[in-house]
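Report on the structure
Letter by letter, the chains look like this.
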Amino acid sequence: AQTVTQSQPEMSVQEAETVTLSCTYDTSESNYYLFWYKQPPSRQMILVIRQEAYKQQNATENRFSVNFQKAAKSFSLKISDSQLGDTAMYFCAFMKSLNRDDKIIFGKGTRLHILP
Amino acid sequence: KAGVTQTPRYLIKTRGQQVTLSCSPISGHRSVSWYQQTPGQGLQFLFEYFSETQRNKGNFPGRFSGRQFSNSRSEMNVSTLELGDSALYLCASSGAANSPLHFGNGTRLTVT
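Residues numbered from 1 in each chain as written. Chains lettered and ligands numbered in written order. Predicted model: local features only at pLDDT ≥ 70, side-chain atom pairs only at ≥ 80, totals over all residues. Heavy atoms only, no water.

Consecutive residues of a regular strand have side chains that alternate between opposite faces of the sheet. Residues and elements named next belong to chain B. Only one face of strand β11 (residues 107–111) is covered, namely the one carrying Thr107, Leu109 and Val111; the face carrying Arg108 and Thr110 has none of its residues buried. Across four bridges, the pairing between strand β2 (residues 10–13) and β11 is parallel. Across the sheet, the residue bridging to Lys13 is Val111, located in β11. In this sheet, β11 lies alongside strand β9 (residues 87–94) in antiparallel orientation, the contact comprising three bridges. Counted as the bridge partner of Ala87 is Leu109 from β11. (Buried < 20%, exposed > 50% of the residue type's maximum accessible area, 1.4 Å probe, protein only. Helix = DSSP H or I, 4+ residues; strand = E, 2+ residues; numbered from the N terminus. Pairing = 2+ DSSP bridges.)

When you line up the elements, A:Gln51 lands in strand β6 (residues 46–52). Excluding residues that lie within four positions of it along the chain, A:Gln51 makes contacts with A:Tyr32, A:Tyr33, A:Leu34, A:Gln57, A:Asn58, A:Ala59, A:Val66, A:Phe68 and A:Phe75. (Contact = heavy atoms within 4.5 Å.)

To continue, consider the interface of chain B and chain A. Taken together, the contact pairs 29 residues of chain B with 19 residues of chain A. The tally of links from chain B across to chain A stands at zero salt bridges. Taken together, the links from chain B to chain A amount to one residue pair in polar contact (both at pLDDT 80 or more). The set of elements that each furnish at least two residues to the side of chain B that touches chain A consists of β4 (31–38), β5 (42–50), β6 (53–57), β9 and β11 of chain B. Sorting elements by how many residues they give to the side of chain B that touches chain A places β5(B) first, with four residues. Its residues assigned to classes, the side of chain B that touches chain A comprises ten nonpolar, 14 polar and five charged. (Salt bridge = Lys/Arg side-chain N within 4 Å of Asp/Glu carboxyl O. Polar contact = N/O pair within 3.5 Å; in protein donor to acceptor, adjacent residues only side chain to side chain. Nonpolar A, V, L, I, M, F, W, Y, C, P; charged D, E, K, R; others polar.)

Attention now moves to the sheet that holds strand β7 (residues 64–68) of chain B. Backbone hydrogen bonds hold the strands of a sheet together, and the pairing may be parallel or antiparallel. All names here are of chain B. One open sheet holds the four strands; their spatial order is β1-β3-β8-β7, and the pairing between them is antiparallel. Where the open sheet ends on each side, the last strands, each with one partner, are β1 (5–7) and β7. The sheet shows a mean angle of 20° between the axes of neighbouring strands, taken without regard to direction. The pairing of strand β3 (residues 19–24) with strand β8 (residues 74–78) spans five bridges and is classified as antiparallel. Directly across from Val19, in β8, lies its bridge partner Val78. (Axes fitted to C-alpha atoms, helices over the stretch in contact; angles between N-to-C directions.)

Right, here's the structure in full:
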């Protein structure tokens, strides 16, 4: 069975700093999808970034980028030039495929505080 | 385009009661999935519906059930509520096969 582990329950960084959130996963699949979701205090889950395992290039979305290490089964999220609005819970998630017959599996989340 | 709408936002029930939560997906989305979020367990998958059929189910007792209507709106029902059912319940919808999940703001259920 697939598992997703986020080893940092909570983190705090100063505004404008760079922060990296860790995520490791376990799977025997060779192709799959990884996600980072953000849940701000409004509670709405927002997709931050997505990575297909067959793509070697790390995904990037503006200030958000990932370091995808397939052999190590690691999928960390880097937030550059952090902003107060980045304060949120961040969930790492795994799916075998985007076929909706497959379940998405979430890590327990990392609570990120951006300090002024 | 309106986002995923969940009602109600807050709910307080007592043990033994039952509760029904509602989720309206983004227009055109046919897949709706439900998740339970608690501080201890994080996000856990409950079930997923597509075209009124349950396609996938998580490891929750039979007290948790759901359904989907022809307009893709979905309801989740929890019977014989227990204190441990207190959680944020999130609904997500998705469109085409390769599209990501879009989440609603959730329903905060408190069981006393």
